[in-house]
Amino acid sequence: MRFRHPDGTTVHLAYCTNVHPAETLDGVLAQLRDHCEPVRRRLGRDRLGIGLWLAKDAAHALDTDPAALRGLRAALDRRGLEVVTLNGFPYEGFGAEQVKYRVYRPDWADPERLEHTTALARVLTGLLPDDLTEGSVSTLPLGWRTTWTDDRADAAHAALLTLAERLDALADLTGRSVRVGLEPEPGCIVETTGDALAPLTAVGHPRIGVCVDTCHLATSFEDPHTALDALAAARVPVVKSQLSAALHAEHPRLPAVREALAAFDEPRFLHQTRTVGDTGRLHGTDDLGQALTGDALPDTSPWRAHFHVPLHAAPAAPLTSTLPVLKDALTRLVGGPHPLTRHLEVETYTWQALPPALRPRGRAQLADGIAAELALARDLLTDLGLKELP
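Position labels on residues start from 1 in each chain and follow its written sequence. Per-residue local features of the predicted model are confined to residues with pLDDT of at least 70, and side-chain atom pairs are confined, for both listing and counting, to 80 or more; whole-chain, interface and lining totals are unaffected and use all residues. By convention in this description, side-chain values take in all heavy atoms of the structure and omit both hydrogens and water.

K.L.:
Would you explain the pattern of salt bridges in this entry?
P.N.:
Think of it this way: side chains of opposite charge can pair up when their charged atoms draw near. Here, a salt bridge means any Lys or Arg side-chain nitrogen found within 4 Å of an Asp or Glu carboxyl oxygen. Applying the stated criterion across every chain yields a total of 26 salt bridges. A salt bridge links Asp 131 to Arg 2, with the shortest nitrogen-to-oxygen separation between them at 2.8 Å. Highlighted residues: Asp 131 in the loop between helix H4 (111-127) and strand E5 (134-139) and Arg 2 in strand E1 (residues 2-4), separated in sequence by 129 residues. In this structure Asp 131 comes out as exposed when scored by relative accessible area, which is 53%. Here Arg 363 ties to Asp 34 by a salt bridge, and the two come within 3.5 Å at their closest N and O atoms. Under the scheme used here, helices are H or I runs from DSSP no shorter than 4 residues and strands are E runs no shorter than 2 residues, and both carry numbers assigned from the N terminus. Three exposure classes are used, based on accessible area relative to the maximum for each residue type with a 1.4 Å probe and protein chains only: buried under 20%, partly exposed in between, and exposed over 50%.

So, in structure tokens, the structure goes:
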């Protein structure tokens, strides 16, 4: 979906296909048929943006076989779909029964991460619509904190410098510019937007920036305006923003709240949980189940958990979502005189991890839910003065 900002800029809205995990190119093509095109039809659109997640094998197939890449581009055109952004965070296995810490491997100290991200950038230049020359890729925020060392930090820095050189060369070769954004996430070396400032200013390249995920932003209790102002002051570009909402518990001390939270403690994904203590310090656990055990977290202040809940359907009381944080962030991102980013992506990949009563039953209900999320995002954008384009 495309929108015209009052300054004349085109802002793109997509939804991320990591909600339909597939490891192979055939699986990606099936996603377009079974999920993406039905969502487009529900929205009554002739064209719908999707943020493709391409696992290692699918990305390799597209990068090494020009015919396969042309075939995917043709399938997108045929189904009324377009791609301006890729989700390069998960490497493989995102549809496994247990993902947890595996999603952070390989990290940016591992050469495989650089090669995969380079391949994604090359593929994206072949998928961009004919009238566009700019694409984006979101990626891992360096690595998980407990595995990090000074040597790994040095290796990651060198890899990002090499990536910047490759992106420059790719732009010269194709006439299309791809930017890559580290996506701050709780528990990682780059947990917050503030953590991104040092490594990205050290790289100092306009094609390497940040992907602001509004669920992660909220989970870490970052104020959107303060965070985005700091990025702007440091001249760190917001390559894209993922529109998502976290799980919020206002009174985690109450037994009824604990019981409601426990329903979201599931075995597939990691649900980092955070709270701000009486001294203003951020406290956290790696997973929601750990927070619910004993006194692992202070419980006199609200808790937020890294669980992407549907934008249009906050959990029932006594829980809610951090949709207000998303709205504040979006106001700063695209509500000003000029947009801070041109690529927005709804990313609720946890539909099938919701408590059983809240999960969609079948493809049709899932398509209905995704369409409802996109409709909400569309309305937020038009409320901010953007005009929806055909």
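K.L.:
Is there a simple way to think about the sheet that holds strand E12 (residues 303-309) in this case?
P.N.:
Within a sheet, each strand pairs with its neighbour through backbone hydrogen bonds, oriented either parallel or antiparallel. Taken in spatial order, the five strands of this open sheet run E11-E10-E12-E9-E13, and their pairing is antiparallel. Of all the strands in the sheet, the pair left with one neighbour each is strand E11 (282-285) and strand E13 (319-321). Across this sheet, the average inter-strand angle for adjacent strands is 30°, counted without regard to direction. The pairing of strand E9 (residues 245-249) with E12 spans four bridges and is classified as antiparallel. Considered in E12, the bridge of Leu 247 is made with Ala 305. Think of it this way: DSSP has to see at least two bridges between two strands before they count as a pair. Whenever a helix is involved, its axis is fitted only over the stretch in contact; in every case the axis is a line through C-alpha atoms, and angles between N-to-C directions fall within 0 to 180 degrees.

K.L.:
What am I meant to see in the nonpolar core here?
P.N.:
Nonpolar side chains in soluble globular proteins generally cluster together in the buried interior. Nonpolar cores are built from buried Ala, Val, Leu, Ile, Met, Phe, Trp, Tyr and Cys residues. Side-chain atoms within 4.5 Å join them into one set. Judged by nonpolar contacts, the single largest core of 118 residues is most densely connected at Leu 13, Tyr 15, Leu 54, Trp 108 and Leu 374. It is helix H12 (residues 363-383) that contributes the most residues to this core, 10 residues altogether. Residues within four places of Trp 108 in sequence aside, it is in contact with Arg 113, Leu 114, Thr 117, Thr 139, Leu 140, Leu 142, Ala 155, Ala 156, Ala 159, Leu 160, Leu 163 and Leu 182. Contacts between residues were defined by any pair of non-hydrogen atoms, one from each residue, lying within 4.5 Å.

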